[in-house]
Amino acid sequence: RGSMGTGDGRRCECCGREFACAARRAEHERTVAGERPFACEEAGCTARFARSDFLARHVLHSHRAHLHRFRCEPCGLACPTRPKLAIHL
């Protein structure tokens, strides 16, 4: 790979930061601009994200209850990890 140039679409127009590829720059610019084109499709959820991987993480952690093995005894809340349950408690 060569060095990053400035004329190949890899520099953010907002802050001047350079990226290894134009796709990473586009993700960064969506975040800076507040764009959130990736919407959660679960019923009743209004969450939106600038990046598809953030949406995927949200769906996994928020809507896949069968993966939430750690349960709060008093209220029944299910969490995916023991540390998340500890935060709740």
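Residues numbered from 1 in each chain as written. Predicted model: local features only at pLDDT ≥ 70, side-chain atom pairs only at ≥ 80, totals over all residues. Heavy atoms only, no water.

(A) The nonpolar core, seen in detail. Membership of the largest hydrophobic core is limited to 5 residues, which are Cys40, Cys45, Phe49, Leu55 and Val59. Setting aside anything within four residues of it in sequence, one finds valine 59 in contact with Cys40 and Arg64. (Core = buried A, V, L, I, M, F, W, Y, C linked by side-chain atoms within 4.5 Å. Buried < 20%, exposed > 50% of the residue type's maximum accessible area, 1.4 Å probe, protein only. Contact = heavy atoms within 4.5 Å.)

(B) Main features of the pattern of salt bridges. Considering all chains together, one arrives at 5 salt bridges under this definition. For glutamate 27, the salt bridge goes to arginine 51, with nearest N and O atoms at 3.9 Å. One end of the pair, glutamate 27, is in helix 1 (residues 22–33); the other, arginine 51, is in the loop between strand 2 (48–49) and helix 2 (52–63), with 24 residues separating them in the sequence. Taking relative accessible area as the criterion, arginine 51 reaches 23% and is therefore assigned partly exposed. The shortest N-O distance in the salt bridge between aspartate 53 and arginine 51 comes to 2.6 Å. Connected through salt bridges with shared partners, the residues Arg24, Glu27, Arg51 and Asp53 form a single ionic network. (Salt bridge = Lys/Arg side-chain N within 4 Å of Asp/Glu carboxyl O. Helix = DSSP H or I, 4+ residues; strand = E, 2+ residues; numbered from the N terminus.)

(C) Representation of the environment of leucine 60. Within the fold, leucine 60 resides in helix 2. Expressed as a C-alpha distance, the spacing of leucine 60 and proline 80, which sit 20 residues apart in the sequence, is 9.0 Å.

(D) Summary view of the side chain of arginine 10. Note that arginine 10 resides in the segment before helix 1. Looking at arginine 10, its side chain comes within polar contact range of the main-chain oxygen of alanine 20, at 3.1 Å. (Polar contact = N/O pair within 3.5 Å; in protein donor to acceptor, adjacent residues only side chain to side chain.)

(E) Layout of the confidence of the model for the chain. Here the chain averages 82 in pLDDT, and 87% of its residues register 70 or above. Per-element averaging of pLDDT across the chain places strand 4 (residues 78–79) at the bottom with 78 and strand 1 (residues 38–39) at the top with 96. A low-confidence stretch, residues 1–6 stays under pLDDT 50, and its non-local contacts, those more than four residues away or across chains, total 9 contacts. (pLDDT = per-residue confidence, 0-100.)

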